[in-house]
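# Summary of the model geometry
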Amino acid sequence: MNKINMENIGLTQKFVQDSKIYKDLYIGRVSSQYKNVFKVITENGEIVAEISGKFHYNVKEHSEYPSVGDFVMIDRTDNLQGNGIIHHILPRKSAFIRKTAGSKEDIQVVATNIDAVLICMSLNNDFNLRRLERYLAIAWDSGATPVIVLTKSDLCKEVDIRLNEIYSIAIGVDVLVTTSTSDEGYQSLKKYLSSGKTVAFIGSSGVGKSTLINCLLGESILGTNGIRNDDKGRHTTTRRELMVLPNLGVVIDTPGMRELGIISADLTKSFSDIDKLASECRFNDCTHKNEPNCAVQEAVENGTLSAERLESYWKLQKETRYEGLNSKMIEKEKVNEMFSGMGGMKNARKFIKEQNRKKRR
């Protein structure tokens, strides 16, 4: 039996070191998930697995379950005697996380342990700068490096105009123009692929993520559909999936996202132009709305900063703050419930204070 090169799929010495505290278990990497069933790549191949009862019992948040890209500790490396059992997740080095659509509290871990987030946006009617700002803010916050991949360039007659618009908001981010209609149209993606590296393709439905991945794989493994009459893409990918490229690491395909709710975001990087202007404002706590000597408002007035970008900044800032406050309220409610029979609010407040003190260390 040929052994899987685990280093090629992202296994580092850090993960190996983290795994040593678990005896009689093996390292695997989650490649896909369907409900409560997982596929895990081990040194002996891909196996089917499920989480242990103890693991399930100890989980407090949905984000603590295994996700595609996670390195996990599993009890076997083959399915000769039944499904494998996942007992632990190794600490993640990065994670692209969004708020679950239609939920006030839950979050979805889209992909973990990724080195680059390839944000795909087509150059047809799907083009949307405000949505791209949202993707960039979450991507920077993930711990991975964002890269913008503009797809379907063969369908756009104003590529240069679109690029100038992108450059005005994607400060410090690589921008690639691709098409799947020719071999040269996707070669620029290969610079982000190498042994041990993981890249995740993320974007709206039908922008061509699966098509590009098929081009990289050299075969049509992932299903694809054409565009609808309104120039929008048809949704094809139904679940996240990690695929191995021989000696070139791995890629993760993800379902299209119609909504992209924010849990946390790095606005200092995704809006570094506004952040730099803000340092020149008269007041340190300037809101950039009606204060005198506001460098941000002056930039809007002289045309060096668009009013739409500033509005987008305010919107994401407000959403991020709301989610932060909401998370704190939920945490307090859980603590209050925890201490309801153990001294009530006095002990709850003491517990919260102690947790905050630990976080400041």
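Cut-offs applied
- Residues numbered from 1 in each chain as written.
- Predicted model: local features only at pLDDT ≥ 70, side-chain atom pairs only at ≥ 80, totals over all residues.
- Heavy atoms only, no water.
- Salt bridge = Lys/Arg side-chain N within 4 Å of Asp/Glu carboxyl O.
- Helix = DSSP H or I, 4+ residues; strand = E, 2+ residues; numbered from the N terminus.
- Buried < 20%, exposed > 50% of the residue type's maximum accessible area, 1.4 Å probe, protein only.
- Pairing = 2+ DSSP bridges.
- Contact = heavy atoms within 4.5 Å.
- pLDDT = per-residue confidence, 0-100.

### A short note on the pattern of salt bridges
Summed over all chains, the structure comprises eleven salt bridges. The partner of Asp115 in a salt bridge is Lys93, and the shortest N-O contact between them spans 2.9 Å. Here the residue Asp115 occupies a position in the loop between β7 (107-112) and β8 (116-122), and Lys93 occupies one in the loop between β5 (84-89) and β6 (95-99), the gap between them amounting to 22 residues. Judged by relative accessible area, which is 43%, Lys93 ranks as partly exposed. Among the salt bridges present, the one from Asp273 reaches Arg309, with a minimum N-O distance of 2.9 Å. Taken together, the positions of Asp273 in helix α7 (residues 272-278) and Arg309 in helix α9 (residues 307-338) put the pair 36 residues apart, joining distant regions of the chain. The network of salt bridges with common partners includes Arg130, Glu133, Asp273 and Arg309.

### Looking at the pairing of strand β1 (residues 26-34)
Bridging between β1 and strand β4 (residues 71-74) involves four bridges; their strand directions are antiparallel. Its bridge partner being in β4, Arg29 is matched across the sheet by Phe71. Hairpin remark: β1 followed by strand β2 (residues 37-42), antiparallel, with two residues in the connecting loop; positive phi at Lys35, about 55°.

### Regarding helix α5 (residues 209-217)
Counting buried residues along α5, seven of its nine residues qualify, which places the element largely inside the surrounding structure. Those residues of α5 that sit buried are Lys209, Ser210, Leu212, Ile213, Asn214, Leu216 and Leu217. If you follow the buried residues of α5, they end up packed against β8, β9 (145-151), β11 (198-203), β12 (241-244) and β13 (250-253). A positive backbone phi angle near 85° is found at Gly218, which sits one or two residues after α5.

### Remarks on the confidence of the model for the protein
Of all residues in the protein, 81% attain a pLDDT of 70 or more, and the chain-wide mean is 85. Overall, residues 328-332 carries pLDDT values under 50, and its contacts beyond four positions in sequence, including any with other chains, amount to three contacts.

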